[in-house]
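# Remarks on the overall topology
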Amino acid sequence: CVCVCVCAVLDVAKEREVEGDVFQADAGEGMFFRPGVFDGVVSISALQWLCNADKKDHRPAKRLHHFFTTLYSCMSRGSRAVFQFYPENPSQMELITSQAMRAGFTGGVVVDFPHSTKAKKYYLCLFCGASAQMPNGLDGSSADSAASVQHTTKREKSQRRKGDRTPLKSRDWVVKKKERSRRQGKDVRKDSKYTGRKRSAKF
């Protein structure tokens, strides 16, 4: 299940036909899922936006507390949550961490490359129901380089994605679209030898 806060991200997910459920929601209004339904939560560059007051009735501390309390209830005991975020200042980081601890989580903040200006990354690592050992942050040493994931450039990723993708409007693409619609319970015509075949311009 994927929850997004931006319409553009939701449109990209629909275009790429990601598996699972995708929806848009305001995290400050809480996570309305069944209790204990998640055993892991990952968030990338979203948590810090709860510190903004975009409307008159928005109170960052209240919205953060509501988010963390509802998140805690829908996570199973022993599960973990990791939030990669960009705090504006130490007081904002303290506000986020304190609200998470008030909700019942244990854990803290891990910093990758703390001495770097550009590569520094903040991670809020939370544990639900039981404390666990905090992970160590990366500091750019040779040991970290050997254990880190191999990164690829944007061009390499796009070329790899294009190579794996089914050609648009091809027979395979049409068949996949129809199968997906059938799984969603929609009324779809049966496949035939004419499925995906291009019609002549004089039709």
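The following refers to the structure shown. Note that this is a predicted model, so its numbers are computed, not measured. (Residues numbered from 1 in each chain as written. Predicted model: local features only at pLDDT ≥ 70, side-chain atom pairs only at ≥ 80, totals over all residues. Heavy atoms only, no water.)

## Comments concerning the packing of aromatic side chains
Any aromatic ring pair is given by two values, namely how distant the centres are and how the planes are angled relative to each other. The cut-off we apply is this: Aromatic contacts are taken between Phe, Tyr and Trp rings whose centres are within 6.5 Å, Trp giving its six-membered ring; a plane angle under 30 degrees counts as stacked, one over 60 as edge-to-face, and the others as tilted. Helix and strand definitions here come from DSSP, where helices need a minimum of 4 consecutive H or I residues and strands a minimum of 2 consecutive E residues; each element is numbered from the N-terminal end. For the exposure calls, accessible area comes from a 1.4 Å probe over protein chains only, and a residue counts as buried if that area is under 20% of its type's maximum, exposed if over 50%, partly exposed in between.
Taken as a whole, this structure holds 7 aromatic pairs when the rule is applied. Here the aromatic rings of Phe68 and Phe83 are separated by 6.0 Å at their centres, their planes lie at 80°, and the arrangement is edge-to-face. Separated by 15 residues along the polypeptide, Phe68 in helix 2 (residues 60-74) and Phe83 in strand 4 (residues 75-85) bring together distant segments of the chain. The class of Phe68 is buried, set by a relative accessible area of 0%. The exposure class of Phe83 is buried, given its relative accessible area of 2%.

## Topic: the packing of helix 2 against helix 3 (residues 90-102)
Let me state the cut-off plainly: Inter-axis angles, ranging from 0 to 180 degrees, are taken between N-to-C directions of lines fitted to C-alpha atoms, where helices are fitted over the stretch in contact. Here the angle decides the label: under 35 degrees means roughly parallel, over 145 means roughly antiparallel, 65 to 115 means roughly perpendicular, and every other value means oblique. Should the near helix be turned counterclockwise from the far one by less than a right angle, the crossing is left-handed, whereas a clockwise turn marks it as right-handed. Throughout, a residue-residue contact means that at least one pair of heavy atoms, one from each residue, lies within 4.5 Å. Polar here means any residue other than Ala, Val, Leu, Ile, Met, Phe, Trp, Tyr, Cys and Pro, which are nonpolar, and Asp, Glu, Lys and Arg, which are charged; Gly is therefore polar.
At a minimum axis distance of 8 Å, the contact between helix 2 and helix 3 shows a crossing angle of 40°. Put simply, helix 2 runs oblique to helix 3. The two elements helix 2 and helix 3 cross, and the hand of that crossing is right-handed. In this structure, helix 2 contributes Pro60, Ala61, Leu64, His65 and Phe68 to the contact, and helix 3 contributes Leu95, Ile96, Gln99, Ala100 and Arg102. Partitioned by chemical class, the residues of the contact of helix 2 with helix 3 number 7 nonpolar, 2 polar and 1 charged.

## Regarding the sheet that holds strand 6 (residues 121-127)
Here is the rule we go by: Strand pairing is assigned whenever DSSP identifies at least 2 bridges connecting the two strands.
In space, the 4 strands of this open sheet follow the order 3-4-6-5, with mixed pairing throughout. Each of the sheet's edge strands pairs with one partner strand only, and the pair in question is strand 3 (38-44) and strand 5 (106-112). Across this sheet, the average inter-strand angle for adjacent strands is 10°, counted without regard to direction. Across 7 bridges, the pairing between strand 5 and strand 6 is antiparallel. Each bridged residue has a counterpart across the sheet, and for Gly107 the counterpart in strand 6 is Leu126. In the packing of helix 2 onto the sheet, contacts are made with strand 3, strand 4 and strand 6, and the angle to strand 4 comes to roughly 140°. Most of the contacts of helix 3 go to strand 6, to which it runs at about 10°, and overall it touches strand 4, strand 5 and strand 6.

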